[in-house]
Structure formats: structure tokens, C-alpha cells
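# Structure at a glance
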Amino acid sequence: MTSDTMADACKNANDLHAAAITDRDALLHTIFDNISECVKVFDKQGNFLAINRAGLAMIEVDSFDEVQGQSALSFVAPQYHAAMKSINSQVLKGHSGRAEYEVIGRKGGRRFVESQSVPLSDTSGEIKGILSITRDMTPARDAEIAIRHSHERLHRMVEELPAGAIAIEGEAVFFNRAIEEILGYSSDEIATLDDWFSLLYRERSDEVRQLYEADKLDGFPGRREIEVHCKSGEIKTVEFAGYVDHEGEIWVLHDVTERKNAEEAVKLRERQLSTLMGNLPGAAYRCLNDQDWTMEFISDGCEQVCGYSANEIIDGSPTWTELMHPDDRERIWNEVQTNLTKRRSFQFVYRIHHRSGEERFVWEQGQGVFASDGRLEAIEGFMTDITELEQTKQQLVQSERLAAMGKMLSALAHESRNALQRIQSGVEMLKFEFDEASESYEDLRRIAGAREDLQRLYDEMRSFAAPMNLQISDCNLAGIWKKAWSHLEPAWKSREVRLTENTSDADLTIPVDSFRLEQVFRNLLENSLAACGDPVHIEIECVNSDIDGESGVCVLLRDNGPGLTEEQKNRIFEAFFTTKHKGSGLGMAIAKRIVEAHCGTIEVHNSSSGGAEFLLKIPRAKP
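The text that follows walks through the structure, step by step, so that each part is easy to find. A quick note: this is a predicted structure, and the numbers were derived from the prediction, not measured.

### Considering the side chain of Thr237
Position of Thr237 relative to the elements: it lies in strand 9 (residues 235-245). Dropping the residues within four chain positions of it, Thr237 is found in contact with Glu225, Ile226, Glu227, His254, Asp255, Val256, Thr257 and Lys260.

In C-alpha cells:
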């Protein structure tokens, strides 16, 4: 190896190392900036060296430039300054530290947070600063306070507000202190049944009195909930139960107002949750860890993902495994089991068979739900359809491949052009040396044909790989396919061939690239001529059409050939797939690219008569 070669190798290695470092730094920066918790880096004096977006949101500033070099204590409530300084001092001595304190944002917002701090050292081990990860504990603290208040309220209800007891003797009413606390009326204010009904039910007093008399005759069957007007004007819901004995009646009242309000709150949360689930761009689920991925729950969004309703999936008609592409089932099972064993969340992309028959791509993320004893109870997660994203990614990959292929073919064609021209010149010169009836002359003709085949292959490959730059003008579609048909005259002139055109009242003037579209029709017509035995009948039908809400034209080209096999229909637009002995396999792939460049579509089917038919849909809007 020469010194220059070694230098080049070293340079390449350095370049690769630098690129790897750059990629790593970019990845670390992305993780740092997008982590949901506040991450901060301080120097030894406690001044900001770095903070991520979550941290900026916590201290209510828009950019790091506003706080760079500023003391972090300026965002800490004063009563916590001494404790924070003490913890930072410990961290700078090589210890980790934990603190709970109040953050005051620049806009006045207050948050209770918890921070975990560790020292930051350079490669020599010298401590250069502090790394701190801070979690917002405000929701948890507020929830804890709310729970504590709820427990205190429940305690008062149990200890101080026992069930109200009412005794009825004739028309006289007697009740305990609990009733006074529930209703606000004293025993002097409600001394008789008339007082009871008139004060508690007001305009409904006569109606409720009649219901009471009827229930009394039946022995007060069951419990009922009723609304009563309290002295304060508040309307409360109480649960009533009555008992009749030989001395009179006993009523028991429980104040269930809060329970009713709680029930309404639960219903509201359920409605909100249902609305949230219904508007998710995918489906939340809970399933068993079995080979069928048996669904215990799946939201209605599953119909957007797979075409089946939630009830059908839960009933196992079909199971989720049956929807998954067979080639992906084992991979997904193994990945899930590996992550469950390590108690990690998982995410992956796989294919499913949609109810419509389409193959769709699904992104899924989930994790195991474990009981306190470590037993796996279920798997919970979320899935969404990313078919369009996956197709876009594949198109980008294909574009990159085509660009690389185009460069390679350009170089190859350039180097080969002179050789092909020399072959052509040599063949033309040698033709003068031999009689046309001789075997040598026939060999020259075959050499010339081989050169033309090679030249055509180069041209097709360059056409396939080259960028699709359209030259759009208003053209007549019939004129384009007729021109393509005339260029194919050597292929059909000596055969029994009939071309039928049915354009009805269709407006055939449309903005297209006539040269490119002629390539499409030429490929379709050439394929039909090659596939059909005599007599050949090719039919072209053209109609105005609505294409995704836009005006357009549909062109149907069918022949009377043997039709296409399932493999041929599935692969006919793949590059390099061909059923011809001399075909390059690029003609239909090029045709598809041209049609899609016009924002149109091309489909292939077998006609009812058995031949192949191609359906082109081309919008009138300029691509």
C-alpha cells in the first residue's frame, strides 16, 4: 500500500468516525430535547448550561437564550434556596441528591417538583457541573390533597352525619339531629306530615302525598330515591325506606346527593373517554398473550384500522392473528414475548389484511400489565394505520434507488454508445462483403438485431430510472393512442387484427404529456398483440368520469387474449417482471410511473370474456 493510499484510507476512516459522532450527537440531542421530563445541566455555580424543551415549558420561557448562564435559583421559591444550595454542594462532592421544592415560572406559574441530581464529570473524572432531572409533582400533589379532602369529607359523613331517622305517630313527626343537618329544618318547623310535605316538596306536595299514601298501603315496598327542598333552597336527593309497625311508621333517609353527583361525574367522564376513544386515529386495546391475541377490549377505531367492528374483533370473528400477514406473525410473536420477559414496552410495524382485501401497514405500541404477584394479566396498547406513511417511505426509497440507477445507467450508456456504434458500423461495412442469400449475411443480420435489442434495453432502463419531467399540453387522447397504434404497424400489419374504439360522448381533450402517454398506450397495445392469437380484437372504451371528486377521463383497453394469472396481475407493474422471451420487464413499470406522474391510476383485471383489461383514470387538472 502506497503512502497516498494509506492517507486516503485514514481520511476515509476519520470521515466515517466523524459522521458516526455527528449521528450520535444528533441522536442524543433529539432524545435530550424530546424527553417528557425536565432535564437541566448547571455549572458549579448553579447557572444554566443546558435545558430541554420540557424544562423551558416548566420555567415558562420560550428559548434557552433567555436563561443561559442565569442562576437556576431565580426560578426556585425563596424558602427552598438554602436546601437547594446544600444539595448542590453535596452533588459537587460526588454524591447524588434529591429535593422537593416549588418552581416559580417567569409568567408566575407555580409547580411543585421533584429533582434528582448527579455530578457531571469529564474524562479525567473532574466534576464540571450538575445534571438534574425534574418531574412535575403538581398533579400528583393536587390529587393527594383532593383525595385527603375527600377522605375527610367521607369521615364527617360517617361520623357526624348518620342516617336520618323519622318516626310518624298519626300526623305528628319526630326526627333526629341528622335530619336537621340534612334538611336544615328544626323539629319545631316540621312537626306534622302537612309541614313535611309542604316544606320539602312545595308545589308537588299533593302529588307526593298521594304516592306516600299508596306506598303506605303496600307496606312501603322497596327503596326509592326522591328529591327534597332543603331550608337553604338546595335540592337534595335522598334514599327513602319506610317501615310500618303497630305503633306507626319509621322512615330512614340517607342523603345520596353526593353519590348522585358522583355518578353524573362518572357518566360524564365515561362520555368524555368514549369521545376521546372515538376520535383517536387508531385503536386502543387490551388483549391476552395467546396465539390469537384474544381481545378483551378494543376501541371503535379498529374499524378504521382493519375494517371490522370492535364487536367482531372481540368475538374473534376474525381473530387478530388471522388478520395479520402470515409472514409477520412469527416475528411479532417473538418480539412481544422478548419484551414481556424484560418488562419493556414494544413497538413495531407489520402488515394486515383489511376487510376490503387490501394489504395495510399497522404501527403498534404496547406493554404488559402485571399483577402484584408478577403474573402477566394482559397486554394493553395502541395501534394505527400507517399505510400511507409506509407507502411514502417506500416511494422515497424507490426514488433514491432510481436516482442511483439513473447515474449508473448514464455512465454505462455513455461508455457503451461508442462500442454499439462501432458494432453498427462494422456490420454495415461487412454487409457489402457477403451475398444477401449467404449464411454469413444472416449472421450479420442477427448481430445487428442483437445490437438493437441491447440499445433498446439501455433506452428502457434509462427511461425507467430518469426523473419524470412532464411536458404538459392539451391533447386529444384518441390521437395519442392512434399514433401509438400506427407506430406498431409492423407488428400487426400481416396479422388478422381489429381495433375498435368507443369514445361515446367523452371529452377527450385533456392536459397530458403526449409523448409519455404514447409510451403507455404503446406498451399496452404491444402487450395485447403479443398475448393474443389471431384473430386479434382490441377494444378501447373512453368515458368522462369523476375521479376522487375531480373531473377526469377513464380509458378501458381490453383484448381477447387468455387473460392474466393471479401472479401476473399482482406483479405486472413490478420492474423487470416479464412473461416475454425478449422483454426487459420495464414497459409496464414505466407505464405506471407515467400515469401516476399525471396524478392518475392504472389497474389490471381480467374481463368477463376472459381477456386482459387495463383501466386508466386520468384527472383533467394539470399535474
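The discussion continues.
### What about empty space enclosed by the protein?
Leftover empty space is mapped by rolling, across the atoms, a probe with the size of a water molecule. Taken as a whole, this structure holds three cavities of 30 Å³ or more when the rule is applied. Each pocket or cavity is described by its volume, and for the largest cavity that value is around 100 Å³. Forming the boundary of the largest cavity are 14 residues, of which Tyr285, Cys287, Trp293, Trp320 and Glu364 lie nearest the centre. Elements that contribute at least two residues to the lining of the largest cavity include exactly strand 11 (283-287), helix 12 (326-341), strand 13 (346-353) and strand 15 (376-385).

### Observations concerning the packing of helix 6 (residues 193-201) against helix 7 (residues 205-217)
Packing of helix 6 against helix 7 leaves a shortest axis separation of 9 Å and a crossing angle of 125°. Considering the angle they form, helix 6 stands oblique to helix 7. Relative to helix 7, helix 6 is oriented so that their crossing is right-handed. Facing Leu193, Asp194, Phe197, Ser198 and Tyr201 of helix 6, the residues of helix 7 in contact are Ser205, Val208, Arg209 and Tyr212. When the residues that make up the contact of helix 6 with helix 7 are grouped by side-chain class, the tally is five nonpolar, two polar and two charged.

### Some thoughts on the nonpolar core
Generally speaking, a soluble globular protein has its nonpolar side chains buried in company with each other. Of all hydrophobic cores here, the largest spans 42 residues; its most connected members are Leu477, Trp481, Leu517, Val555 and Phe614. Mapped by element, the contributors of at least two residues to this core are helix 15 (477-487), strand 18 (509-512), helix 17 (514-531), strand 19 (536-547), strand 20 (550-559), helix 19 (587-597), strand 21 (601-606) and strand 22 (612-619). In this view, Val555 contacts Leu477, Trp481, Phe521, Ile540, Glu541, Cys542, Phe614, Leu615 and Leu616; residues no more than four positions away in its chain are not counted. Grouped together as the second largest cluster of nonpolar side chains are 25 residues, Tyr285, Tyr308, Trp320 and Met383 included.

### Structural notes on the pairing of strand 5 (residues 127-136)
Bridging between strand 1 (residues 38-43) and strand 5 involves six bridges; their strand directions are antiparallel. In the strand pairing of strand 5, Val41 is matched with Leu131. The antiparallel pairing of strand 4 (residues 110-121) with strand 5 creates a hairpin that spans five residues between the two strands, and Gly125 there sits at a positive phi of about 95°.

### So, unusual backbone geometry
A cis amide bond links Ser317 to the next residue, Pro318, at an omega of 10°. For Pro318, the position within the fold is in the loop between helix 10 (310-314) and helix 11 (320-323). Cis geometry is adopted by the peptide bond preceding Pro535, which originates at Asp534 and carries an omega value of -5°. Mapped onto the secondary structure, Pro535 falls in the loop between helix 17 and strand 19. We note that Arg343 has phi near 55°; this positive angle belongs to a residue other than glycine. Turning to its location among the elements, Arg343 is positioned in the loop between helix 12 and strand 13. Look at Cys599: it is not a glycine, yet its phi comes out positive at around 65°. Relative to the helices and strands, Cys599 resides in the loop between helix 19 and strand 21.

Rules of the game
Residues numbered from 1 in each chain as written. Predicted model: local features only at pLDDT ≥ 70, side-chain atom pairs only at ≥ 80, totals over all residues. Heavy atoms only, no water. Helix = DSSP H or I, 4+ residues; strand = E, 2+ residues; numbered from the N terminus. Contact = heavy atoms within 4.5 Å. 1 Å grid on protein atoms, 1.4 Å probe; cavity = no way out; pocket = protein on both sides within 12 Å on 5 of 7 lines; lining within 4 Å. Points joined across faces, edges and corners; volume = space filled by probe spheres on them. Axes fitted to C-alpha atoms, helices over the stretch in contact; angles between N-to-C directions. Parallel < 35°, antiparallel > 145°, perpendicular 65-115°, else oblique. Left-handed = near helix turned anticlockwise from the far one by under 90°. Nonpolar A, V, L, I, M, F, W, Y, C, P; charged D, E, K, R; others polar. Core = buried A, V, L, I, M, F, W, Y, C linked by side-chain atoms within 4.5 Å. Buried < 20%, exposed > 50% of the residue type's maximum accessible area, 1.4 Å probe, protein only. Pairing = 2+ DSSP bridges.

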